Amino acid sequence: MVGNIFIKAINEKPNIVLGLATGATPLPTYCYICNSYKKGKVSLKNVSTYNLDEYVNLGHHDKNSYYYFMHENLFNQTDIQERNIHFLNGNAKNVIKECQKYDKKIEKKPIDIQLLGIGQNGHIGFNEPSQCFSKTTFKTKLTASTIKANSRYFSKSKMPREALTMGIGTIMKAQKIILIATGKKKAKAIKEMLKGQVTPRCPASILNFHSNVEVFLDKDAASLL
Ligand code: F6R
């Protein structure tokens, strides 16, 4: 269903700018887009993308990097052009500059649709629960909950403890936001996001202040509503 929203949006605006997430949640959507491309129903030739986040100290070609993940699961299976793909560089020497550069690029070519998953702790991107919302892209320390949830992907190497992520302010500038959540493990975060207060302790709750958000839940993720 979400896949179809993307196909329609790309066909209506072939040079659309997409903000993308990694992880298990968006995989069916990416699979749908790849299949639609293979059937000749869509072209990503003029689409631009910005990914939400990247681990610190993982090069683009590290199999655990989000850059690698996106190429495996979407980019390499479509006709998107590499020059239109934007990523934070987790290996950047000057992290502050890297983050500022990313925000400037997004300002120049703003995001039409931002796709989001949600962490079990309510994070979006890698904006972890904290005392305040971050306005801009920044380097963050991952929480124990995120390390526990994502360590399963790192079979041999140790999972990084830090990441670069679009800030809440950056995410909120997207014209439209689509958040997907699946599975029982997300039910508590979804309840806090939709029924609780808007607070940086549940970063996704800020989406209540965005005027164009669509939330897609399966039965399990919606089970506490
Ligand atoms: C990944 C990201 C994260 C994930 C979230 C859910 O780029 O920004 O916020 O969306 O951790 O991950 P999954 O989908 O693996 O449960």
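The following paragraphs examine the structure supplied in this document.

Each value, and the rule that gives it
- Residues numbered from 1 in each chain as written.
- Predicted model: local features only at pLDDT ≥ 70, side-chain atom pairs only at ≥ 80, totals over all residues.
- Heavy atoms only, no water.
- Near = heavy atom within 4 Å.
- Polar contact = N/O pair within 3.5 Å; in protein donor to acceptor, adjacent residues only side chain to side chain.
- Nonpolar A, V, L, I, M, F, W, Y, C, P; charged D, E, K, R; others polar.
- Helix = DSSP H or I, 4+ residues; strand = E, 2+ residues; numbered from the N terminus.
- Buried < 20%, exposed > 50% of the residue type's maximum accessible area, 1.4 Å probe, protein only.
- Arc of directions from axis to C-beta.
- Contact = heavy atoms within 4.5 Å.
- Axes fitted to C-alpha atoms, helices over the stretch in contact; angles between N-to-C directions.
- Parallel < 35°, antiparallel > 145°, perpendicular 65-115°, else oblique.

Our focus in this paragraph is the site of the ligand. Inspection of the region around the ligand gives 15 residues, with Thr22, Thr25, Asp53, His123 and Lys186 positioned closest. Within the backbone of alanine 24, one N or O atom sits 2.9 Å away from an oxygen atom of the ligand. One of the side-chain nitrogen or oxygen atoms of aspartate 53 is found 2.7 Å away from an oxygen atom of the ligand. Among the residues making up the shell around the ligand, the classes are represented as five nonpolar, seven polar and three charged.

Here we come to unusual backbone geometry. Outside of glycine, negative phi angles account for most residues, and trans bonds account for most peptide bonds. With phi around 75°, asparagine 57 is a residue other than glycine that occupies positive phi space. Along the polypeptide, asparagine 57 turns up in the loop between β3 (53-55) and α3 (66-73). Residue classification places asparagine 57 among the exposed residues on the basis of a relative accessible area of 60%.

Now for helix α7 (residues 187-195). For α7, the set of buried residues is Ala187, Ala189, Ile190 and Met193. Down the axis, α7 shows its buried residues gathered within 160° of arc, on one side only. Along α7, exposed side chains directed more than 90 degrees from the buried face belong to Lys188 and Lys195. Those residues of α7 that are buried lie in contact with β8 (176-181) and β9 (213-217).

Looking now at the environment of isoleucine 33. When you line up the elements, isoleucine 33 lands in helix α2 (residues 27-38). Between the C-alpha atoms of isoleucine 33 and glutamine 77, which are 44 residues apart in sequence, the distance is 9.3 Å. In this structure, isoleucine 33 is in contact with Phe6, Ile7, Val42, Leu44 and Leu74, ignoring residues within four places of it in sequence.

The next point concerns the side chain of asparagine 150. As for its position among the elements, asparagine 150 is in helix α5 (residues 144-150). On the basis of relative accessibility, which here comes to 12%, the residue asparagine 150 falls in the buried class. The contact partners of asparagine 150, leaving out residues within four places of it in the chain, are Tyr55, Tyr66, Phe126 and Met159.

With that settled, the discussion passes to the packing of α2 against α3. Between α2 and α3, the least distance of the axes is 10 Å, while the angle of their chain directions is 45°. It follows that α2 is oblique to α3 by the angle criterion. Side by side, α2 and α3 meet where Leu27, Tyr30 and Cys34 of the first sit next to Phe69, Met70 and Asn73 of the second. Looking at the contact of α2 with α3 residue by residue, the classes come out as five nonpolar, one polar and no charged.

Remember, this is a structural readout, not a statement about activity or role.
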